[in-house]
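Chain residues, written in single-letter form:
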Amino acid sequence: TMRALDVIALTRLVEMDLPPPVRVTAGTVLGEVVQAMRQARSGAALVETGDGRLIGIFTENDLMMRVRHDDPRWRECPVAEVMTADPVVATADGTIGDALRSMAGGRRHMPVVDTTGRVLALVSIREILQHFAERFPKEFLNLPPDARHEAYGAWGG
């Protein structure tokens with residue numbers, strides 16, 4: 001039998017129940033982008049052209065690292081000036097394992113696209129963890145609090 005981790009790693013992204021992404025155009029001002037992200041409880045927004053082609057992603061990290069908060073007009077800045085252009089994407093038929101490998105190194109959000117490059121969803125580390133926890137609650141809840149420490153006995157001894 002396959003271990004829970006293997007099952008999750010081989011799960012295709014299309015099989016996940018991903019929420020619709022926040023979508024904005026390049027000219028949308030940061031005040032509106034941040035408000036849309038907050039309302040959707042999303043850590044990222046996808047930036048598209050008028051005809052729906054993905055050109056960038058704007059994340060909480062971009063907000064913290066690229067936006068000049070000392071400028072009182074930061075909310076009026078077009079998102080295109082501070083977004084991450086040409087983001088790494090996952091394909092819908094790719095697996096969670098593929099997505100995690102692409103996200104290694106600090107990415108927490110990744111657009112999911114179809115074969116034509118159109119955005120279908122946004123996958124995040126949070127959604128992957130939630131997917132795992134819902135399908136394998138026993139394995140998830142029994143993870144040691146620190147991956148370097150493994151519990152050998154019933155009470156962690």
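Reading the values: the criteria
Residues numbered from 1 in each chain as written. Predicted model: local features only at pLDDT ≥ 70, side-chain atom pairs only at ≥ 80, totals over all residues. Heavy atoms only, no water. Buried < 20%, exposed > 50% of the residue type's maximum accessible area, 1.4 Å probe, protein only. Helix = DSSP H or I, 4+ residues; strand = E, 2+ residues; numbered from the N terminus. Arc of directions from axis to C-beta. Core = buried A, V, L, I, M, F, W, Y, C linked by side-chain atoms within 4.5 Å. Contact = heavy atoms within 4.5 Å. 1 Å grid on protein atoms, 1.4 Å probe; cavity = no way out; pocket = protein on both sides within 12 Å on 5 of 7 lines; lining within 4 Å. Points joined across faces, edges and corners; volume = space filled by probe spheres on them. Nonpolar A, V, L, I, M, F, W, Y, C, P; charged D, E, K, R; others polar. Lys, Arg positive; Asp, Glu negative; His and termini not counted. Salt bridge = Lys/Arg side-chain N within 4 Å of Asp/Glu carboxyl O. Polar contact = N/O pair within 3.5 Å; in protein donor to acceptor, adjacent residues only side chain to side chain. Axes fitted to C-alpha atoms, helices over the stretch in contact; angles between N-to-C directions. Left-handed = near helix turned anticlockwise from the far one by under 90°. Pairing = 2+ DSSP bridges.

Trainee: Can you walk me through helix α4 (residues 96–103) in this structure?
Mentor: One turn of the α-helix equals 3.6 residues, which is why residues spaced by three or four share an orientation. Listed as buried for α4 are I96, G97, A99 and M103. Buried residues of α4 fall within an arc of 160 degrees about the axis and therefore sit on the same side. Just beyond α4, the residue with positive phi is G105, at close to 105 degrees.

Trainee: It is not clear to me how the nonpolar core should be interpreted in this structure. Could you clarify?
Mentor: Generally speaking, soluble globular proteins have nonpolar side chains that are buried together. By size, the foremost hydrophobic cluster in this structure holds 17 residues, and its most contacted members are V24, L30, V33, F58, V67 and V79. Among the elements that take part in this core, helix α2 (residues 30–40) stands out by supplying four residues, more than any other. Here V24 is in contact with V33, A45, L46, V47, E48 and V79, once residues within four sequence places are set aside. Formed by 16 residues, the second largest nonpolar core is a distinct cluster that contains M16, I96, M103 and V123.

Trainee: Before we go on, may I ask you to explain the layout of surface pockets in this structure?
Mentor: Where empty space is left becomes clear once a probe the size of a water molecule has been rolled over the atoms. Its volume calculated, the largest pocket comes out at about 300 Å³. Along the wall of the largest pocket there are 15 residues; nearest its centre are T59, T84, G106, R107 and R108. Of all the secondary-structure elements, those providing two or more residues to the lining of the largest pocket are β3 (54–59), α3 (60–66) and β4 (84–85). For the lining of the largest pocket, the element with the most residues is α3, which contributes three residues. By residue class, the composition of the lining of the largest pocket is four nonpolar, six polar and five charged.

Trainee: What is the right way to read α2 from this model?
Mentor: When we look at burial in α2, the residues that qualify are L30, V33, V34 and M37. Projected down its long axis, α2 shows its buried positions confined to an angular sector of 95 degrees, all on one face. Immediately beyond the C-terminal end of α2, within one or two residues, lies R41, with a positive phi of roughly 55 degrees.

Trainee: Mind showing me how you'd approach the side chain of E127 here?
Mentor: In this fold, E127 is placed in helix α5 (residues 125–135). One buried charge, E127, has no salt-bridge partner; the nearest side chain with opposite charge is R126, at 4.2 Å. Of the polar contacts made by the side chain of E127, one reaches the side chain of S124; its length is 2.7 Å. Setting aside residues no more than four positions away along its own chain, E127 makes contact with M16, L18, P19 and L122.

Trainee: Honestly, the pattern of salt bridges in this entry has me stumped. Any pointers?
Mentor: Once the charged atoms of two side chains with opposite charge are near each other, the side chains can pair. For the structure on display, the rule yields six salt bridges. The salt bridge involving R66 is made with D62; its shortest N-O contact spans 3.7 Å. Here R66 pairs with D62, and both are found in helix α3, just four residues apart, close to one helical turn. Residue R66 is classed as partly exposed on the basis of its relative accessible area of 42%.

Trainee: How should I be thinking about the packing of α4 against α5 in this particular structure?
Mentor: The packing of two helices is summarised by the inter-axis angle and the distance between the axes. One can describe the packing of α4 onto α5 by two numbers: an axis separation of 11 Å at closest approach and a directional angle of 145 degrees. Crossing of α4 against α5: the hand is left-handed. Touching I96, L100 and M103 of α4 are I125, I128 and H131, all from α5.

Trainee: In this structure, what is going on with the sheet that holds β3? I would like to understand it.
Mentor: Pairing between sheet strands relies on hydrogen bonds along the backbone, with the strands arranged either parallel or antiparallel. Here we have four strands laid out as an open sheet, ordered β1-β2-β3-β4, and mixed in their pairing. Edge positions in the sheet fall to β1 (22–25) and β4, since each of these pairs with one other strand and no more. Direction of pairing for strand β2 (residues 44–48) relative to β3: antiparallel, over a ladder of five bridges. Pairing of L46 across the sheet is with I57, part of β3.

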